[in-house]
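The lines below spell out each chain.
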Amino acid sequence: ELLVRRVGGVGWVKKYGEEESFGVLKAECSSEDESDTEELEKKLREVIKINPLFRMNRAECLLCLFLDTVERPKLELLGEGVVGGSEVDFIDADRLEVLRTANDGED
């Protein structure tokens, strides 16, 4: 998932334990074993259900990624525009920088 790759690819996020401010579990960033995927997804569903701040952070970050990687490029391709130009003005600068950092092998 793009969100997990972007967050996991930035050193300071792991160093300071800031994964949850992006709505990502620490285990998502460190999980390389496909066999625990089902257990990880179960844990993620539980946390999303019980933790409104985690849920909001994940939703904001996913919306940011959608606007940056899907909506804006498609509108530019079509020569269309929307009021506000698909600007991401609802996320702080530190999180926005991480989300807009492309890691090797993606995009």
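Now for a look at the structure at hand. (Residues numbered from 1 in each chain as written. Predicted model: local features only at pLDDT ≥ 70, side-chain atom pairs only at ≥ 80, totals over all residues. Heavy atoms only, no water.)

## Thoughts on the overall build of the protein
Logical step 1: Counting its secondary structure elements, the protein contains six helices and zero strands.
Logical step 2: Element order for the protein, N to C, with α for helix and β for strand: α-α-α-α-α-α.
Logical step 3: Going through the 107 residues of the protein one by one, you find that 34% of them count as buried.
Logical step 4: The long-range fraction of contacts in the protein, counting pairs at least 24 apart against all pairs at least 6 apart in sequence, stands at 58%.
Logical step 5: As presented, the protein carries roughly 7100 Å² of accessible surface, and 53% of it is formed by carbon and sulfur atoms. (Helix = DSSP H or I, 4+ residues; strand = E, 2+ residues; numbered from the N terminus. Buried < 20%, exposed > 50% of the residue type's maximum accessible area, 1.4 Å probe, protein only. Contact = heavy atoms within 4.5 Å. Areas by Shrake-Rupley, 256 points an atom, 1.4 Å probe, with all protein chains shown as cover.)

## Notes on the nonpolar core
Logical step 1: One finds Leu3, Val7, Phe22, Ile91 and Leu99 to be the most contacted residues of the largest nonpolar core, which totals 17 residues.
Logical step 2: Sequence-distant contacts of Phe22, that is, excluding residues within four places in its chain, are made with Leu3, Val7, Trp12, Val13, Asn57, Arg58, Cys61, Arg95, Val98 and Leu99. (Core = buried A, V, L, I, M, F, W, Y, C linked by side-chain atoms within 4.5 Å.)

## A closer look at the packing of helix α4 (residues 37–50) against helix α5 (residues 52–78)
Logical step 1: Closest axis-to-axis distance for the α4/α5 pair is 5 Å, and the angle between their directions is 105°. When the axis of α4 is compared with that of α5, the two are roughly perpendicular. Judged by residue contacts, Leu44, Val47, Ile48, Lys49 and Ile50 of α4 engage Pro52, Phe54, Arg55 and Arg58 from α5.
Logical step 2: Of the residues assigned to the contact of α4 with α5, the class counts are six nonpolar, no polar and three charged. (Axes fitted to C-alpha atoms, helices over the stretch in contact; angles between N-to-C directions. Parallel < 35°, antiparallel > 145°, perpendicular 65-115°, else oblique. Nonpolar A, V, L, I, M, F, W, Y, C, P; charged D, E, K, R; others polar.)

## What about the pattern of salt bridges?
Any two side chains of opposite charge can pair, given that their charged atoms come close.
Logical step 1: Tallied over the entire structure, the rule returns six salt bridges.
Logical step 2: Across the pair Arg58 and Glu1 runs a salt bridge whose closest N-O atoms are separated by 3.1 Å. Taken together, the positions of Arg58 in helix α5 and Glu1 in the segment before α1 (2–8) put the pair 57 residues apart, joining distant regions of the chain.
Logical step 3: Between Arg100 and Asp68 there is a salt bridge whose closest N-O contact spans 2.6 Å. In this pair, Arg100 sits in the segment after α6 (93–99) while Asp68 sits in helix α5, placing the two residues 32 residues apart along the sequence.
Logical step 4: On the basis of relative accessibility, which here comes to 17%, the residue Asp68 falls in the buried class.
Logical step 5: Linked through salt bridges whose partners overlap, the residues forming this network are Glu1, Glu28 and Arg58. (Salt bridge = Lys/Arg side-chain N within 4 Å of Asp/Glu carboxyl O.)

## As for α4
Logical step 1: Taking 1.5 Å of rise per residue, 14 residues should cover 20 Å, and α4 covers 20 Å from first to last C-alpha, within 8% of that figure.
Logical step 2: For α4, the set of buried residues is Leu40, Leu44 and Val47. Buried residues of α4 fall within an arc of 65° about the axis and therefore sit on the same side. For α4, exposure combined with an orientation more than 90 degrees from the buried face picks out Glu38, Glu39, Arg45, Lys49 and Ile50.
Logical step 3: Tucked into the core, α4 has its buried residues touching α3 (26–30) and α5. (Expected span 1.5 Å × (residues − 1). Arc of directions from axis to C-beta.)

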